Amino acid sequence: MIVNTELESKGDLFPSKIINFKKDVDKLYFSADNDVILELTVVRDSLLRFRYTTVGTFDNDFSYAITKYASIGYNKLEIEEKETCYEVTTSKLRCEISKKDMKVSIYDAKDGTLINQDEGGFHWEESYEFGGNIVKMSKVSNNGESYFGLGDKPNHLNLKGKRYDNWVTDSYAFGKDTDPIYKTIPFYTGLHHGKAYGIFFDNTFKSSFDFAHERRNVTSFWSQGGEMNYYFFYGPKMNDVVESYTDLTGKPHHLPPLWALGFHQCKWSYYPESKVKEITSTFRKLKIPCDAIYLDIDYMEGFRCFTWNKEYFPDPKRMVKELLADGFKTVAIIDPGIKIDKEYSVFKEGLENDYFCKRADGDYMKGKVWPGECYFPDFTNPEVREWWSGLFQELIEDIGIKGVWNDMNEPAVMEVPNKTFPDDVRHDYDGNPCSHRKAHNIYGMQMARATYQGLKKYSYPKRPFVITRSAYSGTQRYTSTWTGDNVATWEHLWIANIQAQRMAMSGFSFAGSDIGGFAEQPQGELFTRWIQLGVFHPFFRVHSSGDHGDQEPWAFDEDVTDIVRKFIEIRYQLLPYLYTAFWNYIDHGAPLLKSLVLYDQEDVQTHYRTDEFIFGEQILACPVLEPNAKGRRMYIPKGNWYNFWNDEIVIGGKEKWVDADIDSMPIFIKEGAIIPKFPIQQYVGEKEIKEITLDVYYKKGKEKSQLFSDANDGFDYTKGRYSLRNFRFTGKSKDLIINQYKEGKFAAPYDTFKIQIHGLPFEIGVIQIDNESIALDHLKVDGIHSFVVDKDFSELHIFSI
Ligand code: GLC
């Protein structure tokens with residue numbers, strides 16, 4: 001058993017023998033003679049939910065994490081009572097529940113492999129201080145088993161041998177070993193014998209996970225209160241586990257507006273207006289693409305949310321409009337702390353309507369944040385969320401702000417040892433009143449949700465864009481996120497890489513770090529390497545605190561500016577590729593970044609890799625994480641890959657040195673891929689795009705690629721007005737075929753594709769489009785074979801001479 005060192009334990013308690021079994025449609029109840037009941041729900045053939053009570057009845061079943069849109073339903077459910085156990089079988093899983101102690105063992109239904117097994121199983125300790133139980137679960141950990149996930153933990157990708165706590169925490173200048181930090185995502189994937197499963201412990205109290213740290217053959221998770229309530233997902237592919245978890249806790253409700261996938265420039269703080277304009281006009285002057293500019297807390301009047309400092313920003317509406325005319329979308333920060341000020345309308349409304357959090361004995365929860373003493377809305381109350389959403393009307397509808405950045409929503413409180421509310425603060429929890437012990441981890445999520453609802457309403461018919469610092473499982477439905485206050489060090493570049501990958505395998509792909517580091521100042525080289533990584537992070541923003549000098553692409557030297565420009569341009573070229581990947585994320589939960597283990601779990605070499613990852617489905621990227629490097633060693637996953645820079649083909653399945661001087665980084669394209677590219681723009685929508693380039697990477701064999709387009713904003717795509725082009729590539733030694741299948745009703749603005757074929761092993765003799773030969777005179781045959789075709793071809797067939 002995992003020892004609980006903090007509480008004098010009265011001793012762990014366990015279920016006794018099962019004396020009763022009952023079935024109610026998809027729910028199975030196993031009752032022990034000491035009042036423990038296990039409620040086993042068959043959600044899907046590969047998804048089971050385990051929920052335990054120790055008092056004979058269950059509490060109201062309520063979760064902020066689970067989406068109402070989750071897929072449910074199974075093909076098969078059989079229950080058999082055997083001599084020593086109950087056996088529950090679906091088409092994917094067989095689950096045995098032992099009669100003598102309620103312990104659970106889960107097997108692959110097809111080949112009988114034991115996937116996951118209780119060690120101590122469910123047990124608990126009574127909580128004298130708060131009532132209820134400290135609920136615990138321990139599972140067998142096998143030799144060679146690996147663990148992944150858990151959100152934003154800043155350490156090695158493989159969690160084996162580590163112990164972590166989940167309690168969202170403002171962690172200024174956190175480090176590799178700081179735990180916990182900003183997010184709570186109590187979901188992990190286990191991988192053993194090439195088969196992956198997932199466990200999501202949906203409990204919002206402070207929880208802990210021990211991955212064979214205390215005892216080498218035990219993995220456990222426990223929580224300071226609430227229920228033992230976990231979901232078990234079976235793959236056996238890790239990608240399916242991640243997609244299934246994402247389906248359960250929710251895919252983003254919408255695509256982001258396309259501009260939000262562009263480059264964002266931020267600082268604490270750009271003010272006054274002339275400074276903001278100086279920054280944006282320098283981007284345009286230097287021709288560095290950028291789509292978003294941020295206003296940090298100094299735009300407000302004394303840090304009062306929803307106000308403006310009129311000295312710095314005399315006419316925000318005009319400014320925002322002018323910025324927009326130059327292609328810049330303005331994003332403004334909004335924190336949860338509302339300044340105690342009887343003259344301040346937001347404070348007054350909150351007070352009059354009783355919207356602020358209170359302590360157990362009735363006083364308001366008072367805490368210091370940027371504005372000084374504040375009260376804090378109880379975002380767990382639906383009425384408060386509604387009010388909060390309404391506060392955005394002026395900011396969005398009237399002033400024209402295009403995105404909102406929610407910060408300090410752990411909630412962070414200054415000058416107190418625990419950095420947040422005391423445990424006794426009361427919350428509505430959507431009609432399930434509770435203390436802060438239970439609501440802490442979801443407070444920020446509910447703030448982001450209320451913000452999202454406001455933006456959705458007032459940005460309409462455009463799509464909302466929100467960023468949050470704190471998050472619990474499911475927050476990805478509403479918002480993007482960043483990894484909080486990091487530091488300008490090489491170690492933090494490593495951490496940023498880990499965190500973005502880990503977030504993606506934890507269902508929350510739309511994430512990025514403060515590029516260059518928030519605290520302290522990077523040297524040009526570190527900044528450059530960080531931008532290179534950022535190109536491959538879904539959320540791509542430079543941010544830094546105000547007190548360490550400038551951190552714009554031109555703040556270093558000219559070489560840095562040029563290299564940074566070149567890389568941001570690559571991002572802008574890859575926008576249709578990333579947008580297509582995002583479509584697959586919102587459509588079926590496909591993570592935008594795939595760590596190598598997620599990409600190829602059968603190759604055991606991938607289980608302990610940290611640096612390389614797949615961006616979307618077909619681009620392999622690996623940041624350079626050390627100073628003075630001329631390249632690096634990296635693992636190339638199995639298959640053949642094209643070096644992005646020179647089209648050299650490398651054969652994967654081994655480690656390799658890859659040249660990457662400061663103006664380069666290791667990037668590879670999977671053979672057979674068709675990568676769609678935009679022309680370079682200074683911001684999304686600058687140009688009307690009449691032609692999309694398709695970079696086709698020859699392969700002997702077959703490969704699938706896609707291109708998604710819609711109006712780049714708005715909700716029409718939800719009514720079928722999108723265009724999804726599915727490409728099937730077939731390469732042979734003397735010919736090559738690309739078939740195109742189209743879905744959707746959107747008439748894309750581009751007319752043609754510029755096809756660029758890389759690595760073609762033969763000379764082109766004939767090109768046929770839908771069985772008609774085309775003239776070859778505009779074909780460039782030296783280097784890349786390049787020609788233009790109408791976008792609506794069904795079959796493009798290239799024959800050798
Ligand atoms: C917090 C945020 C940071 C922001 C600062 C001022 O430290 O994490 O991003 O710039 O507050 O608002």
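What you are looking at is a predicted structure, and each value in this text was computed from that prediction instead of being measured. (Residues numbered from 1 in each chain as written. Predicted model: local features only at pLDDT ≥ 70, side-chain atom pairs only at ≥ 80, totals over all residues. Heavy atoms only, no water.)

## Notes on the overall build of the protein chain
Then step 1. Within the protein chain, the regular secondary structure consists of twelve helices and 51 strands.
Then step 2. Here the C-alpha atoms of the protein chain give a radius of gyration of 27 Å, agreeing with the 28 Å that 2.2 N^0.38 yields for 801 residues.
Then step 3. Each principal axis of the C-alpha atoms in the protein chain carries an extent, and together these give about 85 × 70 × 50 Å.
Then step 4. Counting all 801 residues of the protein chain, 63% fall into the buried class.
Then step 5. When the accessible surface of the protein chain is split by element, carbon and sulfur atoms take 47% of a total near 28500 Å².
Then step 6. In the protein chain, 96 side chains carry a positive charge and 117 a negative one; their mean positions are 3 Å apart. (Helix = DSSP H or I, 4+ residues; strand = E, 2+ residues; numbered from the N terminus. Rg over C-alpha atoms; globule rule 2.2 N^0.38 Å. Buried < 20%, exposed > 50% of the residue type's maximum accessible area, 1.4 Å probe, protein only. Areas by Shrake-Rupley, 256 points an atom, 1.4 Å probe, with all protein chains shown as cover. Lys, Arg positive; Asp, Glu negative; His and termini not counted. Charge placed at Lys NZ, Arg CZ, Asp CG, Glu CD.)

## Brief notes about the site of the ligand
Then step 1. Surrounding the ligand, one finds 13 residues, the nearest of these being Asp-296, Asp-407, Arg-469, Asp-485 and His-543.
Then step 2. Between the ligand and the protein, one listed contact pairs an oxygen atom with a side-chain N or O atom of Asp-407 at 2.9 Å.
Then step 3. Within the complex, the protein chains bury 98% of what would otherwise be the 310 Å² of accessible surface of the ligand.
Then step 4. Classifying every residue of the shell around the ligand by side-chain character gives eight nonpolar, one polar and four charged. (Near = heavy atom within 4 Å. Polar contact = N/O pair within 3.5 Å; in protein donor to acceptor, adjacent residues only side chain to side chain. Nonpolar A, V, L, I, M, F, W, Y, C, P; charged D, E, K, R; others polar.)

## Quick word on helix 2 (residues 273-286)
Then step 1. With 14 residues, helix 2 should reach 20 Å at 1.5 Å per residue; the first-to-last C-alpha distance of 20 Å fits that figure.
Then step 2. Tucked inside the fold, the buried residues of helix 2 contact strand 19 (263-265), strand 20 (292-295) and helix 3 (316-325).
Then step 3. Two residues or fewer past helix 2, Lys-287 is found with a positive phi of approximately 55 degrees. (Expected span 1.5 Å × (residues − 1). Contact = heavy atoms within 4.5 Å.)

## Details of unusual backbone geometry
Then step 1. Of note, the bond from Asp-179 into Pro-180 is cis; its omega dihedral lies within 30 degrees of zero at -5 degrees.
Then step 2. Cis geometry marks the peptide bond from Glu-410 to Pro-411; its omega dihedral reads -5 degrees.
Then step 3. Take Pro-411: it is sitting in the loop between strand 25 (403-406) and strand 26 (426-427).
Then step 4. If you check the backbone angles, Met-408 has positive phi at about 55 degrees while not being a glycine.
Then step 5. Positionally, Met-408 belongs in the loop between strand 25 and strand 26.
Then step 6. Owing to a relative accessible area of 3%, Met-408 belongs among the buried residues under this scheme.
Then step 7. Here Asp-647, not a glycine, exhibits a phi torsion of approximately 65 degrees, which is positive.
Then step 8. Looking at the element boundaries, Asp-647 is found in the loop between strand 38 (640-643) and strand 39 (649-651).

## Describing empty space enclosed by the protein
Then step 1. All chains considered together, the criterion is met by four cavities of 30 Å³ or more.
Then step 2. What the largest cavity holds in volume is close to 170 Å³.
Then step 3. Along the walls of the largest cavity sit 18 residues, with Pro-252, His-254, Pro-464, Tyr-478 and Thr-479 positioned nearest its centre. (1 Å grid on protein atoms, 1.4 Å probe; cavity = no way out; pocket = protein on both sides within 12 Å on 5 of 7 lines; lining within 4 Å. Points joined across faces, edges and corners; volume = space filled by probe spheres on them.)

## Some words on the sheet that holds strand 9 (residues 114-126)
Then step 1. Overall, antiparallel pairing links the nine strands, which are arranged 5-6-7-8-9-10-17-16-12 in an open sheet. In the strand order of this sheet, the two ends are held by strand 5 (78-81) and strand 12 (163-166), each with one partner. Direction aside, neighbouring strands of the sheet carry axes that sit 15 degrees apart on average.
Then step 2. Where strand 10 (residues 133-140) meets strand 17 (residues 218-223), six bridges bridge the pair, whose relative direction is antiparallel. (Pairing = 2+ DSSP bridges. Axes fitted to C-alpha atoms, helices over the stretch in contact; angles between N-to-C directions.)

## Regarding the sheet that holds strand 22 (residues 338-339)
Then step 1. A sheet is described by the order of its strands in space; here three strands give the open sequence 22-24-23, paired in antiparallel fashion. The open sheet has two edge strands, strand 22 and strand 23 (367-369), and neither has a second partner.
Then step 2. Pairing geometry for strand 23 and strand 24 (residues 372-375), over three bridges, is antiparallel. In the strand pairing of strand 24, Lys-368 is matched with Glu-373.

## Observations concerning the nonpolar core
Then step 1. If you look at the biggest cluster of nonpolar residues, it comprises 192 residues, and the most contacted ones within it are Ile-334, Trp-388, Phe-392, Ile-531, Phe-536 and Phe-753.
Then step 2. With residues near it in sequence (within four places) discarded, Ile-334 still touches Tyr-299, Met-300, Cys-305, Phe-306, Trp-388, Phe-392, Leu-395, Val-404, Trp-405, Asn-406, Asp-407 and Met-447.
Then step 3. Core analysis: the next-biggest nonpolar cluster, separate from the first, contains 40 residues, Leu-28, Leu-77, Leu-93 and Met-228 among them. (Core = buried A, V, L, I, M, F, W, Y, C linked by side-chain atoms within 4.5 Å.)

## A closer look at the side chain of Ser-545
Then step 1. Relative to the assigned elements, Ser-545 resides in the loop between strand 33 (540-542) and helix 10 (558-573).
Then step 2. Apart from residues lying up to four places away in sequence, Ser-545 is in contact with Lys-267, Trp-268 and Phe-518.

## Some details on the packing of helix 9 (residues 524-534) against helix 10
Then step 1. Close contact between helix 9 and helix 10 brings their axes to 9 Å; oriented N to C, the two are set at 5 degrees. The orientation of helix 9 with respect to helix 10, classified from their angle, is roughly parallel. Taken together, the residues of helix 10 that come into contact with helix 9 (itself represented by Gly-524, Phe-527, Thr-528, Ile-531, Gln-532 and Gly-534) are Val-560, Ile-563, Val-564, Phe-567, Ile-568 and Arg-571.
Then step 2. Here the contact of helix 9 with helix 10 is composed, by residue class, of seven nonpolar, four polar and one charged. (Parallel < 35°, antiparallel > 145°, perpendicular 65-115°, else oblique.)

## Some thoughts on the pattern of salt bridges
Then step 1. Scanning the model with the defined rule gives 58 salt bridges in all.
Then step 2. Measuring nitrogen to oxygen at the nearest pair gives 2.6 Å for the salt bridge that ties Asp-291 to Lys-329. Note that Asp-291 is positioned in the loop between helix 2 and strand 20 and Lys-329 in strand 21 (residues 329-334), a separation of 38 residues in sequence.
Then step 3. A relative accessible area of 0% places Asp-291 in the buried class.
Then step 4. According to the relative accessible area criterion, Lys-329 is buried, its value standing at 7%. (Salt bridge = Lys/Arg side-chain N within 4 Å of Asp/Glu carboxyl O.)

## A word on the packing of aromatic side chains
Then step 1. In total, this model carries 76 aromatic pairs according to the counting rule given.
Then step 2. Their ring planes at 25 degrees and their centres at 5.6 Å tell us that Phe-209 and Phe-221 sit as a pair that is stacked. Of this pair, Phe-209 sits in strand 16 (residues 207-211) while Phe-221 sits in strand 17, and the two are twelve residues apart along the sequence.
Then step 3. The exposure class of Phe-221 is buried, given its relative accessible area of 0%.
Then step 4. Judged by centre distance (5.6 Å) and plane angle (75 degrees), the ring pair of Tyr-294 and Trp-405 falls under edge-to-face. (Phe/Tyr/Trp six-rings, centres within 6.5 Å; stacked < 30°, edge-to-face > 60°.)

## Notes on the environment of Phe-540
Then step 1. Of note, Phe-540 is situated in strand 33.
Then step 2. With relative accessibility at 0%, the residue Phe-540 sits in the buried group.
Then step 3. Once the C-alpha coordinates of Phe-540 and Ser-513 are considered, the two residues, 27 residues apart in sequence, prove to be 7.7 Å apart.
Then step 4. Sequence-distant contacts of Phe-540, that is, excluding residues within four places in its chain, are made with Gly-262, Phe-263, His-264, Ile-515, Ile-531, Gly-534, Val-535, Ile-568 and Arg-571.

## Here's the deal with helix 3
Then step 1. If you check which residues of helix 3 are buried, you get Pro-316, Met-319, Val-320 and Leu-323. Looking down the long axis of helix 3, one finds its buried residues gathered within 95 degrees of arc, a one-sided arrangement. Within helix 3, the exposed residues directed more than 90 degrees away from the buried face are Lys-321 and Ala-325.
Then step 2. Lining the buried residues of helix 3 we find helix 2, strand 20 and strand 21.
Then step 3. Phi for Gly-327, located one or two positions after helix 3, is positive at around 90 degrees. (Arc of directions from axis to C-beta.)

## Considerations on the confidence of the model for the protein chain
Low-confidence regions, as indicated by low pLDDT, have predicted coordinates that should not be scrutinised in detail.
Then step 1. Scored by pLDDT, the protein chain has a mean of 96; 98% of the residues are at 70 or more.
Then step 2. Taken together, the stretch residues 4-9 has pLDDT below 50 and engages in eleven contacts with residues farther than four places along the chain or on a different chain. (pLDDT = per-residue confidence, 0-100.)

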